[in-house]
Amino acid sequence: MKYSSYWHDTAPRFTGAAAGPVQGHYDVVVVGGGFTGLGAARQLAMAGAKVLVLEAETVGFGASGRNGGHLNNGLAHSYIAAKAELGKERAIALYKVLDASIDTLEAIIAEEGIDCNFRRAGKLKLASKAQHFESLAKNFEAVHAEVDPDTALLSADDLKDEIGSPFHGAMLSKKSAMMHMGRYVVGLAEAAKRRGAVIVEGAAVTERSQSNGKHVLKTAKGTATADQVMIATGAYTTANFGYFRRRIMAVGSFIVATRPLTDAEVASTMPGNRTCVNTMNIGNYWRLSPDNRLIFGGRARFSATSDQRSDAKSGAILRESLGRIFPQLAKVEIDYCWGGLVDITKDRYPRAGYHDGIWYAMGYSGHGAQLSTHLGMTIADAILGRPDRNPLKGLDWPAVPGHFGKPWFLPLVGLYYKTLDRFQ
């Protein structure tokens, strides 16, 4: 078993990074070389801006290369709850921007010729308990009537042709998609470079300041200045961007990938070949890879670390969960086990905008794969002075109480959600 991301291991390496040094002046410096930063850099470069991307590790090292491979439209929250919390107008706008995000991905992939197995698969939100189906049905009625007619409510009998595990029904979101995340992020980086962006890997920002109206960004490879700075580091945000770090909880999310399944095994587990998520608070999500592995993930442990030891512990928990949902795969070999950090906000809504001289987009709360490229482009357009399409503009973003670095409170959060799952 490899303790590395399947997406990293099965994608070509990005070979277009500039060797350095980091120097000179740029219109915009983007901090972070994942989906958000690269989407913004490509958009800026296409408009003629001089753009530098500073990536601390390698392109796609963080959440963009460590996720479950889902591109799900719809909100992470129930739509009914989002209306109550945000108001109907913003809830609809946020729902629709997730739809637009998948359209954006499809268009970029076609325009740039990125070979990443993009496919409109549809998403099943599966009711783990009978009372969960009642909630799903109420939410479906509101979604279907008010914002997304490309949805359906499936009964337990309807699911027999979709999934080889008993659930109480599901909501199907037909616009949802999937792709190979590693191949996409490398393709997006190549597209940004081809459009004129300069990308430097291994260039973490160690110091930042402002002088004579310019931003000064220091890295181990040198120092650059810029008229504008955009931060796109999510859960990997460092202490020198303290305002953002205090508003993000970096939580570990963990994934395993089986060996390639036989045709018979696919038919007995995932005949519908969609993306799937269940309704537990500490739930699981899964899909088939392009080579028919079951990629199965979840918040196995409430941890702020992701190293081999942590991944191994979480992998054992995930294997047990996989066996409960799919007993027919209980003894299947696991080829990959990995983890990554998820940038979660207190209310689990993303944030994007401008604060104290810094543009930003982050806080995707486990649902960034579909939204990040589009939101990065949206902020790029704002930097360029184009019409503001940001659906999150003006949304209050309070700091997480008591959070100044490592989220010490995560075990308590995990205990709370485990208790909810026991009784709800």
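See the structure shown above.
All residue numbers here refer to positions counted from 1 along the written sequence of the relevant chain. With pLDDT at 70 or above as the cut-off, local features in this predicted model cover only qualifying residues; side-chain atom pairs require 80 or more to be listed or tallied, and sums for whole chains, interfaces and linings still use all residues. As a convention, hydrogens and water are excluded, and side-chain values are obtained from all of the structure's heavy atoms.

**Q** Can you tell me about the overall build of the protein, naming the residues and giving the values?
**A** Under the scheme used here, helices are H or I runs from DSSP no shorter than 4 residues and strands are E runs no shorter than 2 residues, and both carry numbers assigned from the N terminus. Regarding its fold elements, the protein presents 11 helices and 18 strands. For 424 residues, the compact-globule estimate of 2.2 N^0.38 gives 22 Å, and the C-alpha radius of gyration of the protein, at 21 Å, lies within 12% of that figure. Buried residues are those whose accessible area, probed at 1.4 Å on protein chains only, stays under 20% of the maximum for their type, while exposed residues exceed 50% and partly exposed ones sit between those limits. Looking at the 424 residues of the protein, the share that counts as buried comes to 56%. Here a residue-residue contact requires only that any non-hydrogen atoms of the pair lie within 4.5 Å. Partitioning the contacts of the protein with sequence separation of at least 6, the portion at a separation of at least 24 is 75%. As displayed, the protein has an accessible area near 17,400 Å², and 51% of this comes from carbon and sulfur atoms. Distance between charge centroids for the protein: 5 Å, based on 49 positive and 40 negative side chains. Each radius of gyration is computed over the set of C-alpha atoms, and the globule rule expresses the reference value as 2.2 Å times the number of residues to the power 0.38. Residue-level accessible areas treat just the shown protein chains as cover; the underlying method is Shrake-Rupley with a 1.4 Å probe. For the purpose of charge, His is not counted, nor are the chain termini; Lys and Arg are scored as positive and Asp and Glu as negative. Charged side chains are reduced to one point each, which is NZ for Lys, CZ for Arg, CG for Asp and CD for Glu.

**Q** How would you explain the packing of aromatic side chains if you had to name every residue and give the values?
**A** Here the aromatic set is Phe, Tyr and Trp, taking the six-membered ring for Trp, and pairing holds for ring centres within 6.5 Å; pairs whose planes are under 30 degrees apart are stacked, those over 60 apart are edge-to-face, and all others are tilted. A complete count under the given rule lists 14 aromatic pairs for this structure. Note on Phe35 and Tyr184: the rings are 5.2 Å apart at their centroids and 65° apart in plane angle, and the pair reads as edge-to-face. Of this pair, Phe35 sits in helix α2 (residues 35–46) while Tyr184 sits in helix α6 (residues 181–195), and the two are 149 residues apart along the sequence. On the accessibility criterion, Phe35 (2% relative accessible area) is buried. The exposure class of Tyr184 is buried, given its relative accessible area of 0%. Three or more aromatic residues joined by ring pairs form one cluster here, namely Phe167, Trp286, Phe296 and Phe326.

**Q** Give me the side chain of Thr233: which residues, what numbers.
**A** Locating Thr233 in the fold gives a position in the loop between β11 (222–231) and α7 (242–245). Classification of Thr233 as buried rests on a relative accessible area of 19%. Aside from chain neighbours lying at most four places away, what touches Thr233 is Val31, Gly32 and Met362.

**Q** Can you break down helix α10 (residues 368–383) residue by residue, with the values?
**A** Here the expected span of a helix is defined as 1.5 Å times the quantity of residues minus one. With 16 residues, α10 should cover 22 Å at 1.5 Å per step; its first-to-last C-alpha distance of 21 Å lies within 8% of that length. Where burial is concerned, most of α10 is hidden: 15 out of the 16 residues are buried. Gly385 sits one or two residues past α10 and shows a positive phi near 80°.

**Q** Explain the side chain of Ser176 to me, using residue names and the numbers behind them.
**A** When you line up the elements, Ser176 lands in the loop between β6 (170–173) and β7 (177–178). Overall, Ser176 belongs to the buried group, its relative accessible area being 0%. Not counting the four nearest positions on each side in its chain, Ser176 is found in contact with Leu71, Asn72, Asn73, Ile102, Arg119, Arg120, Ala121, Gly122 and Lys123.

**Q** Give a detailed account of the nonpolar core, specifying residues and quantitative values.
**A** Definition of nonpolar core: a set of buried residues of the types Ala, Val, Leu, Ile, Met, Phe, Trp, Tyr and Cys, connected through side-chain atoms within 4.5 Å. One finds Leu44, Tyr79, Met179, Tyr184, Ile199, Met230 and Trp338 to be the most contacted residues of the largest nonpolar core, which totals 71 residues. Take this core: its biggest share by element is 10 residues, from helix α4 (residues 88–112). The contact partners of Leu44, leaving out residues within four places of it in the chain, are Val28, Val30, Ala49, Val51, Ala380, Ile383 and Leu384. Counting 27 residues, the second-largest nonpolar core is a separate cluster that includes Ala152, Ile163, Val332 and Ile334.

**Q** So what's going on with the sheet that holds strand β13 (residues 275–278)? Which residues, and what values?
**A** Pairing between strands is defined by DSSP: at least two bridges between the two strands are required. The mixed open sheet is built from eight strands, whose spatial order is β5-β6-β4-β13-β14-β15-β12-β16. Edge positions in the sheet fall to β5 (151–154) and β16 (334–344), since each of these pairs with one other strand and no more. Taking the axes of each pair of neighbouring strands and ignoring which way they run, one obtains an average angle of 20° across the sheet. Where strand β4 (residues 123–126) and β6 come together, four bridges link them in antiparallel fashion. Bridging from a neighbouring strand, Lys125 pairs with Met171 of β6. The sheet contacts of helix α5 (residues 130–146) involve β4, β5 and β6, and relative to β5 the element is tilted by about 155°. Each axis is a line fitted through C-alpha atoms, taken for helices only over the stretch in contact, and angles between the N-to-C directions span 0 to 180 degrees.

**Q** Just give me the short version of the packing of α4 against α10, but keep the residues and values in it.
**A** To describe two helices that pack against each other, one gives the angle between their axes and the distance between the axes. Viewed as axis vectors pointing N to C, α4 and α10 meet at an angle of 80°, and their least axial separation amounts to 8 Å. The angle between α4 and α10 falls in the class roughly perpendicular. Along the contact surface, α4 presents Val97, Leu98, Ala100, Ser101, Ile102, Thr104, Leu105 and Ile108, while α10 presents Ala369, Gln370, Leu371, Thr373, His374 and Met377. Classification convention: Asp, Glu, Lys, Arg as charged; Ala, Val, Leu, Ile, Met, Phe, Trp, Tyr, Cys, Pro as nonpolar; all other residues, Gly among them, as polar. Its residues assigned to classes, the contact of α4 with α10 shows nine nonpolar, five polar and no charged. Roughly parallel refers to an angle under 35 degrees, roughly antiparallel to one over 145, roughly perpendicular to one between 65 and 115, and oblique to any angle outside these ranges.

**Q** Tell me about empty space enclosed by the protein, and please be specific about residues and values.
**A** Here the term cavity refers to a set of points on a 1 Å grid, laid over the protein atoms alone, in which a 1.4 Å probe fits but cannot get out; the term pocket refers to an open set having protein on both sides within 12 Å along at least five of seven lines, with lining residues being those that place an atom within 4 Å of a point. Grid points are joined across faces, edges and corners, and a volume is the space filled by probe spheres set on the points. As enumerated under the stated definition, the model contains one cavity of 30 Å³ or more in all. Space inside the largest cavity adds up to approximately 120 Å³. Only α4 and α10 provide two or more residues apiece to the lining of the largest cavity. For the lining of the largest cavity, the class distribution of residues is eight nonpolar, four polar and one charged.

**Q** I'd like to hear about the environment of Val53, residue by residue, with values.
**A** By secondary structure assignment, the location of Val53 is in strand β2 (residues 51–54). Since its relative accessible area comes to 0%, Val53 is described here as buried. Put simply, Val53 and Ile231 are 178 residues apart on the chain and 10.0 Å apart in space, counted from C-alpha to C-alpha. Other than its neighbours up to four places away in sequence, Val53 contacts Val30, Gly32, Gly33, Ala41, Val198, Ile199 and Val200.

**Q** Describe the packing of α2 against α6, and please don't skip the residues or the numbers.
**A** Where α2 meets α6, the axes come as close as 8 Å, and the angle between the chain directions of the two elements is 25°. In terms of orientation, α2 and α6 fall into the roughly parallel class. Considering how the two elements wind past one another, α2 and α6 form a crossing that is left-handed. Contact with α2, carried on its side by Phe35, Leu38, Gly39, Ala41, Arg42, Ala45 and Met46, involves Met181, Tyr184, Val185, Leu188, Ala189, Ala191, Ala192 and Arg195 of α6 and no other residues of that element. Taken together, the residues of the contact of α2 with α6 sort by class into 12 nonpolar, one polar and two charged. Rotating anticlockwise by less than a right angle from the far helix to the near helix defines a left-handed crossing, while the corresponding clockwise rotation defines a right-handed one.

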